[in-house]
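Chain residues, written in single-letter form:
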Amino acid sequence: DAIFMMLPMVDNFWQAQACIMLTPRMPLYIPCVYNVFMYCGFIASELMGLPLIAGSCLAGILGEAIYSPYDITGAKFLWWTWHDTDAPIRNRILGVPVGSSVWVITFACSFYFILNFTLFRKKMSSFLSVVLTGLFSTPLMMVQMSFLQFISAEEQGLPTRRSLLSVLSLYSIIIGYGVTKKASTPSRFKSANYFLLVCLVSYYTFLTLNMGLGYPENHISTGVHQETGNCSVRAPDMTGHYRQVYLCKETHGQDFTFDCEEVCKKKGVEFITDSSTWYTVCGRRHSNHNLWLYSTAAICALGAMMYTFTLTYAGSRKQKKT
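What comes next concerns the included structure.

What counts, and where the lines are drawn
Residues numbered from 1 in each chain as written. Predicted model: local features only at pLDDT ≥ 70, side-chain atom pairs only at ≥ 80, totals over all residues. Heavy atoms only, no water. Phe/Tyr/Trp six-rings, centres within 6.5 Å; stacked < 30°, edge-to-face > 60°. Helix = DSSP H or I, 4+ residues; strand = E, 2+ residues; numbered from the N terminus. Expected span 1.5 Å × (residues − 1). Buried < 20%, exposed > 50% of the residue type's maximum accessible area, 1.4 Å probe, protein only. Disulfide = S-S within 2.5 Å. Pairing = 2+ DSSP bridges. Patch = residues over 30% accessible without salt bridge, like charges linked within 9 Å, V, L, I, M, F, W, Y side chains within 5 Å. Areas by Shrake-Rupley, 256 points an atom, 1.4 Å probe, with all protein chains shown as cover. Salt bridge = Lys/Arg side-chain N within 4 Å of Asp/Glu carboxyl O. Core = buried A, V, L, I, M, F, W, Y, C linked by side-chain atoms within 4.5 Å. Contact = heavy atoms within 4.5 Å. Axes fitted to C-alpha atoms, helices over the stretch in contact; angles between N-to-C directions. Parallel < 35°, antiparallel > 145°, perpendicular 65-115°, else oblique. Nonpolar A, V, L, I, M, F, W, Y, C, P; charged D, E, K, R; others polar.

**Some words on the packing of aromatic side chains**
Under the counting rule described, the total for this entry stands at 17 aromatic pairs. Both rings, one in Y34 and one in Y67, keep their centres 6.4 Å apart while their planes meet at 45 degrees; by these two values the pair is tilted. Separated by 33 residues along the polypeptide, Y34 in helix α2 (residues 29-47) and Y67 in helix α3 (residues 52-76) bring together distant segments of the chain. Relative to F107, the ring of W103 has its centre 5.4 Å away and its plane inclined at 15 degrees; by these criteria the two rings are stacked.

In structure tokens:
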């Protein structure tokens, strides 16, 4: 996030203001979210004892199992806002850019692969392993995303649902093959896994209840957003795709509105409109509440089942032939 915020040609999302801000655009909780989905995916996958590549793919999918319902909820309730026309995030499912989902899967996979390979397989020092993981996780993620867009017959830098389907299918095949090839493993289950599992189930329960009981139209976000301005100004991103430089108030396709005066007055919140970069937006009422609720609940239920299986996995032993 920090790197992409600093690159004008990539800069395509804006976090809402939180209680503690590291910068005007970086809430403290964001690094914590990344630690959670990468750590949980890593630990749960490592417990399965799969071969390195299969374990990396499983860690990627497990990471997305945590991030996906959060991604859906955050976009709907204005925990952040996206660029309106940027190519890498143009195609969306339930308000979530396909590129965001593919990024999480491939990045968590890359993180597991490099950290596991350097720290556990090659027995490097913790410091060197962390440095190498930090330096090469993002490049390896970018290579994977480019490859997935290539085999999906997509334009580079413009991910669609085909690349999401490709990564899920390819990773699942690799995981399935890895399960048939893994060696017998003793149980590495620890009682602390139950605590992590309880936390994850609580997390999934909260997101489901929030989607079911929350009212996005009552949510107000005053802070840094995409700059508003001349709708006709366009510029290329780093892959050569053109996008609107400024958010067009009249024609934007975001799931928020600038018509916030009434809700701000009701909530006692200042309605700011005199800045092109720091202004107030508010959420829109659900266009299909059941779709958002059932989709979030299904993903949360699937994630809870996956982590219940992996975090309580008791190992396996091959029986000796007699």
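**Description of helix α4 (residues 98-121)**
Compared with an ideal rise of 1.5 Å per residue, which puts 24 residues at 34 Å, α4 spans 33 Å between its outermost C-alpha atoms and is within 8% of the ideal. Within α4, 19 of the 24 residues are buried, which leaves it mostly tucked inside the rest of the structure. At the C-terminal side of α4, K123 shows a positive phi close to 55 degrees.

**Observations regarding the state of the cysteines**
Enumeration over the complete set of coordinates arrives at two disulfides. The disulfide partner of C231 is C248, and the S-S distance across this bridge is 2.0 Å. Sign of the S-S torsion, about 80 degrees for the bond between C231 and C248, identifies this disulfide as right-handed. Separated by 17 residues along the polypeptide, C231 in the loop between β7 (220-224) and β8 (234-236) and C248 in the loop between β9 (242-244) and β10 (256-257) bring together distant segments of the chain. A relative accessible area of 26% means that C231 is categorised as partly exposed.

**Some points on the sheet that holds strand β11 (residues 278-283)**
One open sheet accounts for three strands, arranged β7-β11-β10; its pairing is antiparallel. The sheet is open, and its two edges are formed by β7 and β10, each paired on a single side. With two bridges connecting them, β10 and β11 associate as antiparallel partners. Bridge pairing in β11 places T257 opposite C282.

**Overview of the environment of N218**
Tracing the backbone through its elements, the reader meets N218 in the loop between α7 (192-213) and β7. Note on N218: relative accessible area 32%, which makes it partly exposed. When the C-alpha positions of N218 and K266 are compared, they lie 9.5 Å apart, and in sequence the two are 48 residues distant.

**What to know about a nonpolar patch on the surface**
A cluster of nonpolar side chains, namely F127, V131, L135 and F136, defines an oily patch on the protein surface of about 430 Å² accessible area. Its place among the elements puts V131 in helix α5 (residues 126-151). Using a relative accessible area of 31% as the deciding quantity, one classes V131 as partly exposed.

**Notes on the nonpolar core**
In this structure, Y34, F37, W103, L200, Y204, Y307 and L311 are the most contacted members of the largest nonpolar core, which totals 56 residues. When residues of this core are traced back to their parent elements, those giving at least two are α2, α3, β4 (80-82), α4, α5, α6 (161-181), α7 and α9 (289-311). In terms of residue count, the dominant contributor to this core is α3 (12 residues). With near-sequence residues (within four places) excluded, L200 lies in contact with C40, I66, Y307 and L311. Ranked by size, the runner-up nonpolar core spans seven residues in total, among them I72, L94, V96 and L293.

**Details of the pairing of β11**
Where burial is concerned, most of β11 is hidden: five out of the six residues are buried. Across five bridges, the pairing between β7 and β11 is antiparallel. Paired with I220 across the two strands is C282, which belongs to β11.

**As for the packing of α5 against α6**
At a minimum axis separation of 9 Å, α5 and α6 run at an interaxial angle of 105 degrees. Considered as vectors, α5 and α6 are oriented roughly perpendicular to each other. Residue-level contacts link Q144, F147, L148, Q149 and I151 of α5 to S163, S166, V167, L170 and Y171 of α6. The residue makeup of the contact of α5 with α6, split by class, is six nonpolar, four polar and no charged.

**Overview of the environment of V198**
Among the secondary structure elements, V198 is positioned in helix α7. Judged by relative accessible area, which is 52%, V198 ranks as exposed. Residues V198 and T308, spaced 110 residues apart in sequence, show a C-alpha to C-alpha distance of 9.3 Å.

Keep in mind these values describe shape, not function.
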